Amino acid sequence: MTAAVAPTPATSEPLLKIRELDKHFGPVQALYHVNLDLPLGQVTALCGDNGAGKTVLTKCVAGIYQPDHGQVYWEGHPVHIRNARDASRLGIETVYQDLALADNLDIVQNMFLGRERVRYGLLDEDSMERAAAETLASLRVTTVRSIRQPVASLSGGQRQSVAVAKAVMWNSKLVIMDEPTAALGVVQTKQVLDLIKRLRDRGLAVMVISHNLTDIFQVADQIAVLYLGRLVVQDKASAFDRQSVVDYMTTGGSSRIVGARTETN
Amino acid sequence: MARAQKPTDVSGVPPEEAPDLTAAPQAAQAEVPPELVAQSLGQYARAWVSRIRAGESGVLPVIVAMAVIMLVFTAKSPVFLSPVNLVNLFQQSAVFMVLAMAEGFALVLGEIDLSVGFVGACGAAITVQLVQPLTTNWPWWAAIAAGLLFCAVFGAIQGTLITRLRLPSFIVTLAGYLIANGLFLYILLLGPFSGYPNLAGFSNNLHVIYFLMWGSIDPNLSWVLAAIAVLLLGGWMWISDHRRRTSGLVAPPASLTLIKVGLIAVVAIVVVAICNTNRASLGTLEGVPWVIPIVLGVLVVWTILLQRTKYGRYVYAIGGNPEAARRAGINLPLIRTVAFALCSFTAGIGILLYASLLGGMSNNLQGGQYVLYAVAAAVIGGTSLFGGRGKPLHGVLGGLVIGGIYNGMFLLGLTVEWEYIVTGLVLLGAVTIDSLSRRGAASGSVTRV
């Protein structure tokens, strides 16, 4: 008879908890008993080689795929994310690699696409422009010349910034970014990494999928590695070095000891 | 007036101080619409010139084309600029304008509708048949509604096949072209008119359809209506720009708004003055033809729909990036099907005007040629064949160019083969400009990634 089992304080409860998640496509087991925690105010990097299941896991969280088994907990409550609308209702926004921006529309129009504000049956452009400007300013996206310029005229980093701003505009709590720095130059990459840090400083949970270890070590608070559909390790970033992450990605294990580490599989 | 304006940069930092981290700021600058970054008229003009150099020419080619047409035909034929002929030109162009606005719905989606000519012809033939006093004798409004309803349903069926069965719009509307052609001939042969139901005769309903093209508004009333239209449009432009300027949103300089309103007023005055000249050789024939307010009405309604409503925004989004639209939760099949229905509906209005111009309907109508004119007019006006870009106004400007060529070549006594060849060359030129400016934009983006 002891009081050792104290209830976990609400603050330490991760925003999103994935437990024993399975997903297969025909005979291919894409995800196998995956456990993952995404806490608020932290950047979690999800690494893995091609075909490790990073995109499938992302799409299960974003509501594009339905997991076969397992449970997802949102703020401690079990949830079923059936489609993209369910995900955005919870506060999950995904920025895909192709960004899904319409080149011919301007920044404001892209940020409000599908959720336009309407007054008397007509688009309320003034109020949308004001809100978009506020969001961009709060993320300190200041390099765009005008928020009324078409997205076609933006650089790669600016496009990424617009896609992120579009995602955080809707009071989202979790932003998932798929390869945000792929195809970007040095300066552009720095812009995007700074933006990711700013999202964390706002208290959002961020999950970044990336191959680029340099970028990962710059922004990640914790690192999770998928290997052939299994989540082989999740720990704080200081528990890894580049070589150990590469070991996990390519072999599913590592003999290197960098810091205190708990292997999950 | 421009001195108190706030910078448009979202950070509140003047654009010169904010570092532009793009690798090719020159190229980026070229693609920004000048009204977005210019604070004064001079800056606006400079930005405009740099955009034209970069291949983003906007409506400039169409203005140049109009000037060339006017100069060439005026030099060759003194009649070209006479009020009689100019009003005639407006009337002929009206058909091209409305058909081009119809085709615009398909083009902005990145699709094409080859059936506009004959689907519109079916609608017009239905209307002309229904108002005949000898047979059905429907009231004019019911007959017009029935004709346009037929067009909308035909378009909706084509749209459904294209979106639900994922058939290519090119093939579906090519089939629709043939089917509508057959239906058109069938409808013409109904009743005791030997295939030529016409609008001559003593019936109020016939007169209304005939007057769509040939009726004129009283000259004094024309001035009053034109003044009201300019005041409403100009006032609305000024108020909305002014409100955006005072609340620090992106807005053109006040002088530019005034110039735009002034230009509209000048165009209105010139048009009304031309139309109010007596253009009959015997008796009086003066006043603005009804067709001008009809075309303007179509222009205003479709512009509001495409530029100011959610529906229009989604049409552009689908034309620009269908995948982005789908992820934004937009119902793609519905939006596209409605666009095809609106395309055919507008085509119905266009060919109804043609029927009125002709004073009846006959199997002489070149439905296939009208499709090409419609596409040509839209593209010449600045609508992109590749989707995502284009406005109803482009159809009106392009229609005026096609109408000018059509009219001028007729005046010169050139035969129809030359008309085909010149129109074909103009279409080629317009598509080349469209394609080049698109390639310029694309290569610009690549250098800046």
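Summarised in this report is the structure supplied together with it. (Residues numbered from 1 in each chain as written. Chains lettered and ligands numbered in written order. Predicted model: local features only at pLDDT ≥ 70, side-chain atom pairs only at ≥ 80, totals over all residues. Heavy atoms only, no water.)

Some details on the overall build of chain B
Argument step 1. For chain B, the helix and strand inventory stands at 18 helices and zero strands.
Argument step 2. A total accessible area of about 20,300 Å² is found for chain B, and carbon and sulfur atoms account for 71% of it. (Helix = DSSP H or I, 4+ residues; strand = E, 2+ residues; numbered from the N terminus. Areas by Shrake-Rupley, 256 points an atom, 1.4 Å probe, with all protein chains shown as cover.)

Things to note about the sheet that holds strand S1 (residues 16-25) of chain A
All names here are of chain A.
Argument step 1. Read from one edge to the other, the open sheet built from four strands follows the order S2-S1-S4-S5, with strand pairing classed as antiparallel. Where the open sheet ends on each side, the last strands, each with one partner, are strand S2 (28-38) and strand S5 (77-79). Each neighbouring strand pair of the sheet contributes to a mean axis angle of 30°, computed without reference to strand direction.
Argument step 2. The pairing of S1 with S2 spans seven bridges and is antiparallel. When the sheet's bridge partners are listed, Lys23 is paired in S2 with Leu31.
Argument step 3. Seen against the sheet, helix H1 (residues 54-62) touches S1 and S2 and runs at an angle of roughly 115° to S1. (Pairing = 2+ DSSP bridges. Axes fitted to C-alpha atoms, helices over the stretch in contact; angles between N-to-C directions. Contact = heavy atoms within 4.5 Å.)

As for helix H10 (residues 219-246) of chain B
Argument step 1. For H10 of chain B, built from 28 residues, the straight-helix expectation of 40 Å at 1.5 Å per residue is met to within 8% by its first-to-last C-alpha distance of 40 Å.
Argument step 2. Among the residues making up H10 of chain B, those that are buried are Pro219, Ser222, Ala226, Val230, Gly234, Met237, Ser240, Asp241, Arg244 and Arg245 of chain B.
Argument step 3. Where the residues of H10 of chain B are buried, they touch helix H4 (125-138) of chain A together with helix H11 (254-276) of chain B.
Argument step 4. Structurally, the start of H10 of chain B carries an N-cap: the backbone nitrogen of Asn220 of chain B is 3.2 Å from a side-chain oxygen of Asp218 of chain B. (Expected span 1.5 Å × (residues − 1). Buried < 20%, exposed > 50% of the residue type's maximum accessible area, 1.4 Å probe, protein only. Polar contact = N/O pair within 3.5 Å; in protein donor to acceptor, adjacent residues only side chain to side chain.)

A word on the pattern of salt bridges
All names here are of chain A.
Argument step 1. Throughout the structure, instances matching the rule amount to 20 salt bridges over all chains.
Argument step 2. Measuring nitrogen to oxygen at the nearest pair gives 3.0 Å for the salt bridge that ties Asp37 to Arg19. Taken together, the residues Asp37 in strand S2 and Arg19 in strand S1 connect sequence positions 18 residues apart.
Argument step 3. The exposure class of Asp37 is partly exposed, given its relative accessible area of 23%.
Argument step 4. For Arg19, a relative accessible area of 28% translates into the label partly exposed. (Salt bridge = Lys/Arg side-chain N within 4 Å of Asp/Glu carboxyl O.)

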